[in-house]
Amino acid sequence: MMTIHLENEGRSARLGLSSPSAEKAVAPLEQLTSAGKVKRVQALNGQAPLPEATAAQLIEGDPELDLEIAGRLMRDATAVYLDPGAAQPAIATEFKEVEVVFTPDAQEKERRARVFRTANIDTTAPLKIVRRMPTQDCLTRFVFRGMQQIVHTDGLTFDFLHELAKSLQQNQSMALLGAGPKGAGPLVLRDGGNPFRGFLYGEAEGSGENTRYRLMLLLSDQELKRPAAPGPTP
């Protein structure tokens, strides 16, 4: 389980961060045959590169098939980039990863070198609540790519999260989080990961021993914006 360092109203705590549990437990499915249990493996299909061949060659010799490797299991395979300009498939060793930024009307705006970012959700500087926004505005304005559940680790963190979730529910709002000493940066969950805007959504109910809460961290990397109105036709 990952951890997150969160600050609210002058108090901070380190909390658990995990994938939300399903509302209903799903029974595991198993596929069986008369020979035993079916499991998924990766195997080579035996297809060989074929720059050119006549119909007669295909019929007589199956030159596009490499029967020596067909069916061989793949172990410890890693992804590679292939050079699209090479006559034969060749691994590209000199390339740069770039990030492409688009405008609201899907036009390319900028290309920039991809930056390796380090995780910043559990550092000495806790994540800060930048501002609170109406829940309806957040759900219609941003595209959410993922969701994590923030969970308590003891009685003190239970009270900390319960009060925050209750406050968000009563005000029908979501809290925008920021990283860094001033809370001005995006959230990066893992080393080498993408930056996200983080929003807290909370629910709380019950009292006494029946008190319950749910505090979710919603991650967004895209904001919905209207494209600029087209100018007058000349």
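### So, the nonpolar core
Part 1 of the reasoning: Formed by 25 residues in total, the largest nonpolar core has its most connected members in Leu6, Leu15, Leu127, Ile150, Leu200, Leu215 and Leu217.
Part 2 of the reasoning: Those elements that provide at least two residues to this core are β1 (2-8), β2 (11-18), α3 (155-170), β9 (173-178), β10 (197-205) and β11 (212-223).
Part 3 of the reasoning: At five residues, α3 tops the list of elements feeding residues into this core.

### A few points about α3
Part 1 of the reasoning: A rise of 1.5 Å per residue sets the reference length of α3, with its 16 residues, at 22 Å; its end C-alpha atoms lie 22 Å apart and thus fit the reference within 8%.
Part 2 of the reasoning: At the N-terminal boundary of α3, the capping side chain belongs to Asp154, with an oxygen 3.2 Å from the backbone nitrogen of Leu156.
Part 3 of the reasoning: A positive phi of about 50° marks Gln172, the residue just after α3.

### Notes on the side chain of Thr157
Part 1 of the reasoning: Structurally, Thr157 is set in helix α3.
Part 2 of the reasoning: When neighbours within four sequence positions are excluded, Thr157 is seen to be in contact with Ala13, Arg14, Leu15 and His152.

### Topic: the sheet that holds β11
Part 1 of the reasoning: Spatial ordering of the open sheet is given by β1-β2-β8-β11-β10-β9-β7, a layout of seven strands whose pairing is antiparallel. In the strand order of this sheet, the two ends are held by β1 and β7 (128-134), each with one partner. Along the sheet, successive strands turn relative to each other by an average axial angle of 40°, direction set aside.
Part 2 of the reasoning: In this structure, β9 lies alongside β10, joined through three bridges in antiparallel fashion. What sits directly across from Leu176, in β10, is Phe199.
Part 3 of the reasoning: Contacting β1, β2, β7, β8 (142-151), β9, β10 and β11, α3 runs over the sheet at an angle of about 95° to β10.

The rules we used
- Residues numbered from 1 in each chain as written.
- Predicted model: local features only at pLDDT ≥ 70, side-chain atom pairs only at ≥ 80, totals over all residues.
- Heavy atoms only, no water.
- Core = buried A, V, L, I, M, F, W, Y, C linked by side-chain atoms within 4.5 Å.
- Buried < 20%, exposed > 50% of the residue type's maximum accessible area, 1.4 Å probe, protein only.
- Helix = DSSP H or I, 4+ residues; strand = E, 2+ residues; numbered from the N terminus.
- Expected span 1.5 Å × (residues − 1).
- Polar contact = N/O pair within 3.5 Å; in protein donor to acceptor, adjacent residues only side chain to side chain.
- Contact = heavy atoms within 4.5 Å.
- Pairing = 2+ DSSP bridges.
- Axes fitted to C-alpha atoms, helices over the stretch in contact; angles between N-to-C directions.

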